[in-house]
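# Descriptive analysis of the structure
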Amino acid sequence: MFSRQRRNVLPGFRLTMGYTILYLCLIVIVPLLTLPVQSWELGWSAFWRVVSDARVVASYRLSIGAAFAAACVNAVFGLIVAWVLTRYRFPGQRLFDALIDLPFALPTAVAGITLTTLYAPNGWIGRYLNDLGVQVAFTPLGITVALTFIGLPFVVRTLQPVIDDLDLEIEEAASSLGATRWQILRRVVLPFLFPAWLTGFALAFARAIGEYGSVVFIAGNMPMRTEITPLLIITQLEQFNYAAATAIAVVLLVISFALLLAINGLQAWTSRRLAA
Amino acid sequence: MAGSSSRNHRTSGAAAHLTEPRWVRWGLIALTLGFLGLFLIVPLAAVFTEALGRGWSAYTGAISTPDTLSAVRLTLVAAGVAVPLNLVFGVAAGWAIAKFQFPGKNVLLTLIDLPFAVSPVIAGLIFVLLFGRQGWFGPWLAEHGIRIVFSVPGIILATIFVSFPFVAREIIPVMQAMGRDEEEAARVLGANGLQTFLRVTLPNIKWGLLYGVLLCNARAMGEFGAVSVVSGKIRGETNTLPLHVEILYNEYQFQAAFAAASLLALLAIVTLVLKTIVERHVGRTTVQPGTATDTLS
């Protein structure tokens, strides 16, 4: 109560707040408002016809399915990588730790052409997979590989600080009460990590759904089979079919926002757990 | 995680009953190295191998063509406009949000994070809807002979949009953690607003600021999807370096494409090295899009 009545002696609130709101509106809010307004003008039945078209529905299924599969791969390996990088010591550890962020720093187009070259039937990796009868490039599997690359840092970077925060005394206590190492991991460590793990998974998933640059090269882009939703938006744009592009974009945006809300909820859960 | 800030309960210090059996440890380390090797190191090595596959002179030849050089120039221009603008915004937003109390703060933070949740393709699309020929301002712009979409201003706008939150979301938690006692003391002692900011606030936030600028710049220079939508891909005119990589690749000029890509890969490596250095000063902050809100509640 008392501190609320104290006058804030720092200047510049109006200036900085005004500028923040103005810039936010000009760069983000007004441009994004074009999407609901344009699709409103399209009318409900025309909107529905576009977004429920068989080719578009196939693209949602592919985008969501491949993003989900990639997020699952990252959840499993991300947990192992985060644990190993935080708890163990081995030569080259700092280097590997710094490299985790490569997918954030490497432009997606570079990732796209590189992964395509590696996994093409005559590529460094694709050659061997081809001998085994597995084709990666230009199939949904290739899309999953690209999305795994893009989402790799999320699970690792969300888990690392939480693992670092784990109090060793709790593990000590569990151990002195007779728990085996496996029981400690399963009953003590994993439940503690779970909210952050889920957050990392959701972040990787959300990022992968809208991803374009790294996927478009390796996908092959065949309608109904390997055509992701963002590419479909570009295809419509290139045919100057702005209305259809907008309608599909609205659906993609709604999916992303739903995930963002879920992530914020998870985050609140995580911080409550950490505070407790 | 970063250096000294991490607590020292590693395997080396922990008793045997507080870590996994040796074979499990080595198994997990092997899995980690295998996974990271396959997904990070092999691709990075492949970029440079493909770029240098036909020798050094072919490489330098490919990166010094006029089209590549003009693509580099446009990438530098786009980042050169986008990063300073987003830096000024980040500092302003940090000052308003971290030093003052007002209702709706969490809503504002979520809105700042919004560009992270938007697909790059959509980030391009919205500017086409605004400034394209059929867009809201399209007829007016055409009347006055101004081109934004399929031209440099559109590329810059799309770049600003996708790199929008980076500085703000790094700087807000840093300014929040700093509190405002020091600034208040400076004011009471007679410093004016600008002096307070330059002499008290800035020295405290400079590493956080640098960290945000690094991430912002990496995204601005590397953006592909959004820029691809608004560019029109006119060679020598509206082609950024990532777009140039795509064009060369689609023309089956693989070595030239990888040569151009290697410049961007070098940028990524430099970014990672600088980031590691800066992290030693700030401690690791969360770099994930969409996670700024929780640091404040």
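Note that this is a predicted model, so its numbers are computed, not measured.

A count of helices and strands for chain A gives 14 helices and zero strands. Oriented by its inertia axes, the alpha-carbon framework of chain A measures out at about 70 × 65 × 35 Å. Residues counted as buried form 56% of the 276 residues belonging to chain A. Looking at chain A as shown, the accessible area adds up to about 12100 Å², and 67% of this sits on carbon and sulfur atoms.

For the rest of this paragraph, the subject is the overall build of chain B. Tallying secondary structure elements over chain B gives 13 helices and zero strands in all. Listing every helix and strand of chain B by position from the N terminus yields α-α-α-α-α-α-α-α-α-α-α-α-α. Among the 297 residues that make up chain B, the fraction classed as buried is 57%. Partitioning the intrachain contacts of chain B with sequence separation of at least 6 by distance along the chain shows that 74% fall at a separation of at least 24. In the form shown here, chain B has an accessible surface area of approximately 12200 Å², with 64% of it arising from carbon and sulfur atoms.

Take the interface of chain B and chain A next. The partner chain A presents 104 residues to the 101 residues of chain B that form the contact. Together, the buried faces of chain B and chain A total about 9800 Å²; carbon and sulfur atoms form 75% of this surface. Here chain B is connected to chain A by two salt bridges. Residue A:R181 is joined to B:E20 by a salt bridge in which the shortest nitrogen-to-oxygen separation is 2.8 Å. Between the two partners, chain B and chain A, sit ten residue pairs in polar contact (both at pLDDT 80 or more).

Next up on the list: the packing of aromatic side chains. All names here are of chain B. Per the stated rule, a full pass over the model turns up 28 aromatic pairs over all chains. Geometrically, the ring pair formed by W95 and F197 is edge-to-face, given 6.1 Å between the ring centres and 80 degrees between the ring planes. Separated by 102 residues along the polypeptide, W95 in helix α3 (residues 66–99) and F197 in helix α10 (residues 193–222) bring together distant segments of the chain. With relative accessibility at 19%, the residue F197 sits in the buried group.

With that settled, the discussion passes to helix α5 (residues 120–131) of chain B. Residues and elements named next belong to chain B. For α5, built from twelve residues, the straight-helix expectation of 16 Å at 1.5 Å per residue is met to within 8% by its first-to-last C-alpha distance of 17 Å. Counting buried residues along α5, twelve of its twelve residues qualify, which places the element largely inside the surrounding structure. Every buried residue of α5 is accounted for by P120, V121, I122, A123, G124, L125, I126, F127, V128, L129, L130 and F131.

It is worth spelling out the nonpolar core at this point. Among the nonpolar cores identified, the biggest contains 190 residues, and A:L32, A:L35, A:I233, B:I112, B:I122 and B:F161 are the most heavily contacted of them. Per-element tally for this core: the top contributor is helix α4 (residues 54–87) of chain A, with 15 residues. Looking at this core, you find at least three residues from each of domain 1 (9–42) and domain 2 (45–275) of chain A. Once you skip the residues sitting within four places of it in the chain, B:F161 turns out to touch A:I27, A:V28, A:L32, B:P115, B:V118, B:A123, B:I126 and B:F127.

All right, on to the domain arrangement of chain A then. Residues and elements named next belong to chain A. Each assigned domain of chain A is listed here: domain 1 (9–42) and domain 2 (45–275). Computed over C-alpha atoms, the centres of domain 1 and domain 2 are 30 Å apart. Carbon and sulfur atoms make up 86% of the surface buried where domain 1 meets domain 2, a total of about 590 Å² over both sides. Taken together, the connections running from domain 1 to domain 2 amount to zero salt bridges. Summed over the shared surface of domain 1 and domain 2, the number is zero residue pairs in polar contact (both at pLDDT 80 or more). Looking at the side of domain 1 that touches domain 2 residue by residue, the classes come out as three nonpolar, two polar and no charged.

Reading the values: rules and limits
Residues numbered from 1 in each chain as written. Chains lettered and ligands numbered in written order. Predicted model: local features only at pLDDT ≥ 70, side-chain atom pairs only at ≥ 80, totals over all residues. Heavy atoms only, no water. Helix = DSSP H or I, 4+ residues; strand = E, 2+ residues; numbered from the N terminus. Buried < 20%, exposed > 50% of the residue type's maximum accessible area, 1.4 Å probe, protein only. Areas by Shrake-Rupley, 256 points an atom, 1.4 Å probe, with all protein chains shown as cover. Contact = heavy atoms within 4.5 Å. Buried area = accessible area lost by both parts, 1.4 Å probe. Salt bridge = Lys/Arg side-chain N within 4 Å of Asp/Glu carboxyl O. Polar contact = N/O pair within 3.5 Å; in protein donor to acceptor, adjacent residues only side chain to side chain. Phe/Tyr/Trp six-rings, centres within 6.5 Å; stacked < 30°, edge-to-face > 60°. Expected span 1.5 Å × (residues − 1). Core = buried A, V, L, I, M, F, W, Y, C linked by side-chain atoms within 4.5 Å. Domains from an automatic or database assignment. Nonpolar A, V, L, I, M, F, W, Y, C, P; charged D, E, K, R; others polar.

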